[in-house]
Structure formats: C-alpha cells, structure tokens
Amino acid sequence: MAALGNQALNLCKASALDPAEAVHAKSKPSAAVALPRKGESVIEVSTVGNSPNIAWHKCSVEKGDREKLLNQKGCVVWITGLSGSGKSTLACALTSALHAKGKLTYILDGDNCRHGLNCDLTFKAEDRAENIRRIGEVGKLFADAGIICIASLISPFRKEREACRNLLPEGDFIEVYMDVPLQVCEARDPKGLYKLARDGKIKGFTGVDDPYEPPLSCEVVLQQRDGNFESPSVMAEKVMSYLEQKGYLER
C-alpha cells in the first residue's frame, strides 16, 4: 500500500509540472517506486526464456495446503494415442467417475484448447509442438492447484511428452497410452480426417504421412486388440485404480 501511495504522490507531483515535464515524469518505469527501503533486502530477479528481470513470488498457501483442502493430490493424467483411439472419450469417462467420488478434475482436450488458448496455432510441426508445450504448462498449474488434470491429445513424439513430464515433480505425470491399431482408428474415423489425409487433402497427419512414437515406458497402457474393446467406464476404472494405488485420491 505504501508503494501505491508513493506512486500516486509522484503522479500528483507530475501534474503540477509543465506539460512536457509531466509527460516525462509519468513515463518513468513504475518499478522505481518499488525500490527497497533502507534495511530491506533486494528481490533477486532472473531471466527465464525471453523474459528478463522477473522473480518468483512465493505464497504461504502452497500445493500441499490446497491438496488437504480438496482431499486429493494434484497430478496430470496425460492420455496419448492416435486420432480415433478414444482419448477424449476416456477423458470424459474418467472425469465423470472421479467427479462421482467427489474429486476435482479438469480436462485439457487438444481440440478444445485450440478454441481459445491455442487458436493462434496451425498444424505445422512447430505449432503442434507449441500446442503441446502450452498444454503441458497449463497442466502443471492445475496440478499445483491440487486438481487432477486430464490432458487428452495425440502428442505423437516422445521428446515432447517427456518435456511435459519433466515440468512436474516425480510421479505426478501419469502417461496413459491408448494402444489401438491404426486400422481400427482409421475404421472409426469419427471426424473423417483419415479419409481426408488418404485423399491428400490433409498433409502431415499422424499415422498416415507423419509418425507416432508409442511410449516406451508409461504408467498405464490400455490395449484394444482383435475386436476386444473395453468400454470407456472399464478403462476409466483402470486409470482410477492406478491413481488410488499411488495415493492421488486422498490426502
């Protein structure tokens, strides 16, 4: 409040100057009023990415406090697989099952995020990588809030999924692989995208003319083989069982 009062005083003083001096005074960085007083420590700043002179502001209410309030542990359940493998369907079944148990969740669906957060991105390789990076960072925030975040997107490359894993504390990134054969996904083709890709109307489509790298070591694998397809609720129960075993459903 003192800093705000000093800033207001400076602006009042500026208004008493001639117009040129007033403009100059108001254009000075407001950070000047936040200089430490005698005896106060200087806040340490650093450069993160392309952002210089920033500091992490720590609060007394932390992740553990929020988790106690919610009686659960925050984490990211990352559902990966080909288009048509059932990622979004599983995400909805899982969040419904967790909600029924009184657990707070939020879904970050690849398509849904492109309606707002990532609507500026194309489907070029560099934009697809940025799409995944942003969702990983948002997932990290949800997990820090104590929420069970469910991310469902193709995320075809191991390197990008691993980068998202590395954003979180050990164990808080639960990778769920929808292991469904390409021919099954293509037969489903819920959005008609495989047909467009086969007709050459979509370029760089995962599974057709762009690769998908299956996880080498993930927490949960949901296989669908030889016409043996489990219901979304059964698959959701398997993921919930993992979360329960690892202590994420209580605090």
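Everything quoted here is computed from the prediction, not taken from an experiment. (Residues numbered from 1 in each chain as written. Predicted model: local features only at pLDDT ≥ 70, side-chain atom pairs only at ≥ 80, totals over all residues. Heavy atoms only, no water.)

Mapped onto the fold, Glu 67 is located in helix H3 (residues 63-70). Once residues lying within four places of it in the same chain are set aside, the contact partners of Glu 67 are Gln 72, Lys 73, Gly 74, Gly 146 and Arg 251. (Helix = DSSP H or I, 4+ residues; strand = E, 2+ residues; numbered from the N terminus. Contact = heavy atoms within 4.5 Å.)

The subject of this paragraph is unusual backbone geometry. Only a minority of non-glycine residues have a phi that is not negative, and only a minority of peptide bonds are not trans. Positive phi is not limited to glycine here, since Asn 53 has a value of about 55°. In this fold, Asn 53 is placed in strand E2 (residues 51-54). Assessed through its relative accessible area of 62%, Asn 53 is described here as exposed. Non-glycine residue Asp 189 carries a positive phi angle of around 35°. Relative to the elements of secondary structure, Asp 189 occurs in the loop between helix H8 (182-188) and helix H9 (193-198). The exposure class assigned to Asp 189 is buried, which follows from its relative accessible area of 16%. (Buried < 20%, exposed > 50% of the residue type's maximum accessible area, 1.4 Å probe, protein only.)

The next thing to look at is the nonpolar core. Note on soluble globular proteins: their nonpolar side chains tend to be buried together. If you look at the biggest cluster of nonpolar residues, it comprises 24 residues, and the most contacted ones within it are Val 77, Val 176 and Leu 243. Within the residue set of this core, elements represented by two or more residues are strand E3 (75-80), helix H4 (87-100), strand E5 (148-152), strand E6 (173-179), strand E7 (220-223) and helix H10 (232-245). What Val 176 contacts, discounting residues up to four positions off in sequence, is Val 77, Trp 78, Ile 79, Thr 80, Leu 90, Val 220, Leu 222 and Val 239. Of all hydrophobic cores here, the second largest spans 13 residues; its members include Trp 78, Ala 151, Leu 153 and Leu 168. (Core = buried A, V, L, I, M, F, W, Y, C linked by side-chain atoms within 4.5 Å.)

Running from N to C, H4 and H10 cross one another at 60°; their axes reach a closest spacing of 8 Å. By the criterion of interaxial angle, the relationship of H4 to H10 is oblique. As H4 runs across H10, the sense of the crossing is right-handed. Along its contact with H4, which presents Thr 89, Leu 90, Ala 93, Leu 94, Ala 97 and Leu 98, the element H10 presents Pro 232, Ser 233, Met 235, Ala 236, Val 239, Met 240 and Leu 243. Looking at the contact of H4 with H10 residue by residue, the class counts come to eleven nonpolar, two polar and no charged. (Axes fitted to C-alpha atoms, helices over the stretch in contact; angles between N-to-C directions. Parallel < 35°, antiparallel > 145°, perpendicular 65-115°, else oblique. Left-handed = near helix turned anticlockwise from the far one by under 90°. Nonpolar A, V, L, I, M, F, W, Y, C, P; charged D, E, K, R; others polar.)

Attention now moves to the sheet that holds E5. Pairing between sheet strands relies on hydrogen bonds along the backbone, with the strands arranged either parallel or antiparallel. The sheet built from five strands is open, its strands ordered E4-E5-E3-E6-E7 with parallel pairing. Each having just a single partner strand, strand E4 (105-109) and E7 make up the two edges of the open sheet. Averaged over all adjacent pairs, the angle separating strand axes in this sheet is 15°, with direction ignored. One ladder, built from four bridges, connects E6 with E7; its direction is parallel. Bridge pairing in E7 links Met 178 to Leu 222. Across the face of the sheet, H4 comes into contact with E3, E4, E5, E6 and E7 while running at roughly 165° to E5. Along the sheet face, helix H6 (residues 125-144) touches E3, E4 and E5 and points at about 150° away from the line of E3. (Pairing = 2+ DSSP bridges.)

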